[in-house]
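The residues making up each chain are set out below.
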Amino acid sequence: MVFNTRIALAEEYDLCQSQVDEYQNNGHILLRNVIPESEITELRTSVLRSHEALKAEEEDFQKAFRITQNLWEINDTVRAHVLSKRYAGIAAKLLGCRDVRIYHDLTFFKEGLGKGKPTPWHQDGHYWPLDTEGCITLWVPLIDCPVDMGPMSFVSGSHLNKNAEHLPISEESDEYIRNLVENENLSVAPAQHMKAGDATFHSCWTYHAAASNTTDRTRIAFAIAYYDADAKVPIEPPTNERRAANLARWFPGAVPGGPAATEKNPAVLFPRD
């Protein structure tokens, strides 16, 4: 079964130049059928089992969503998806780089019946401890995700600045970005219905948020964070505690100014790099 899955996950996704341009202009894009339909059930089952196995490490972000991380290290099916050339090929083309490395994977579970609160507006870049603009996250629901389940909204073009870099995800970041949107007349791309296997890709600098989940089901989503395979660790020390913690956790042994390439960060398209 894993053998067949790996064949499917090596198949190139048909990405056209206009989609690359859309991503590079807006900092986000929604792509349909990124995960082959035949693979969704097995991946969902594996993600749920792995999340449960990592339950002791689960983080709850202000009741907005629950996460566990690096499931690929404990489950072969998840590993096959995280190291899929199909997904990494999309990420590399959108970024315009030769290859990407794995930062980490993570779950995003948002409870139903309004228990999963709105996700505040924020920039992921606050947490990324890398010296590169080439950072991108694939976010995919593993069940059909209507708008009232809480898929993401984005501010188009916001990846071109770092105005909210200083703020962690919080009520403060939400208010700050809402004010920017209003005062600067920024363009908000509203959440769209996503089928299981559809995926959004967004830059770590793109403002994004999600509404509350008002359905009667938990939103089961999975994400893979990638970065330009040639990225380096900043020479200067991390500017906040979360960056420092992430540098230590996801880049063990990496040195300032050196390549961001450890055993936890395999290159995907050219894995010998």
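Nothing here was measured: the structure is a model prediction, and the numbers come from that model.

## Describing the state of the cysteines
Then step 1. In this structure the tally under the stated criterion is 1 disulfide.
Then step 2. A sulfur-sulfur distance of 2.1 Å marks the disulfide that ties Cys135 to Cys204. Here the S-S torsion is close to -50 degrees, and the disulfide linking Cys135 with Cys204 is therefore left-handed. Taken together, the residues Cys135 in strand E6 (residues 135-141) and Cys204 in the loop between strand E9 (199-203) and strand E10 (208-210) connect sequence positions 69 residues apart.
Then step 3. Classification of Cys204 by relative accessible area gives buried; the value is 1%.
Then step 4. Between Cys97, a cysteine without a disulfide, and Cys135, which holds the nearest cysteine sulfur, the sulfur-to-sulfur distance is 11 Å.

## Focus: the nonpolar core
Then step 1. Counting 58 residues, the largest nonpolar core has Val34, Leu94, Phe201, Phe222 and Tyr226 as its most contacted members.
Then step 2. The next biggest cluster of nonpolar side chains, apart from the first, holds 14 residues, and it includes Cys135, Ala225, Leu247 and Trp250.

## Observations concerning the sheet that holds strand E7 (residues 152-156)
Then step 1. Taken in spatial order, the 4 strands make up an open sheet running E5-E10-E7-E8, and their pairing is antiparallel. Unpaired on one side and paired on the other, strand E5 (119-122) and strand E8 (187-189) mark the two borders of the sheet. On average, each strand axis in the sheet is inclined to that of its neighbour by 20 degrees, with strand direction left out of account.
Then step 2. Pairing of E7 with E10 involves 3 bridges; the strand directions are antiparallel. The residue of E10 that forms the bridge with Phe154 is His208.
Then step 3. In the packing of helix H6 (residues 171-183) onto the sheet, the strands contacted are E5, E7 and E8, and the crossing angle to E5 comes to about 55 degrees.

## Let's talk about the confidence of the model for the protein chain
Then step 1. In the predicted model, the protein chain carries a mean pLDDT of 95, and the fraction of residues at 70 or more is 97%.
Then step 2. Across residues 1-5, confidence stays below pLDDT 50; counting only partners more than four residues off in sequence or on other chains, it has 5 contacts.

## Notes on the pairing of strand E11 (residues 219-228)
If a strand is regular, its side chains alternate between the two faces of the sheet.
Then step 1. By the criterion of burial, E11 is predominantly enclosed, with 9 of the 10 residues buried.
Then step 2. Inspection of the sheet shows strand E4 (residues 100-110) paired to E11 by 10 bridges, in the antiparallel sense. Bridge assignment links Leu106 to a residue of E11, and that residue is Ala223.
Then step 3. Two strands pair when backbone bridges link them, and E6 and E11 are joined in this way by 7 bridges, in the antiparallel orientation. Across the sheet, the residue bridging to Thr137 is Ala225, located in E11.

## Things to note about the packing of aromatic side chains
Then step 1. Within the structure shown, the criterion is met by 5 aromatic pairs.
Then step 2. Their ring planes at 55 degrees and their centres at 4.4 Å tell us that Tyr103 and Trp128 sit as a pair that is tilted. With Tyr103 in strand E4 and Trp128 in the loop between E5 and E6, the pair connects residues that are 25 residues apart, well separated along the chain. The same class applies to Tyr103 and to Trp128, which are both buried.
Then step 3. Between Tyr103 and Phe251, the aromatic rings sit 5.7 Å apart at their centres with planes inclined by 20 degrees, giving stacked as the arrangement. Here Tyr103 is found in strand E4, whereas its partner Phe251 is found in the segment after helix H7 (241-250), with 148 residues between them in sequence.
Then step 4. Three or more aromatic residues link up through ring pairs in this structure, and these residues are Tyr103, Trp128, Tyr227 and Phe251.

Parameters at a glance
- Residues numbered from 1 in each chain as written.
- Predicted model: local features only at pLDDT ≥ 70, side-chain atom pairs only at ≥ 80, totals over all residues.
- Heavy atoms only, no water.
- Disulfide = S-S within 2.5 Å.
- Helix = DSSP H or I, 4+ residues; strand = E, 2+ residues; numbered from the N terminus.
- Buried < 20%, exposed > 50% of the residue type's maximum accessible area, 1.4 Å probe, protein only.
- Core = buried A, V, L, I, M, F, W, Y, C linked by side-chain atoms within 4.5 Å.
- Pairing = 2+ DSSP bridges.
- Axes fitted to C-alpha atoms, helices over the stretch in contact; angles between N-to-C directions.
- Contact = heavy atoms within 4.5 Å.
- pLDDT = per-residue confidence, 0-100.
- Phe/Tyr/Trp six-rings, centres within 6.5 Å; stacked < 30°, edge-to-face > 60°.

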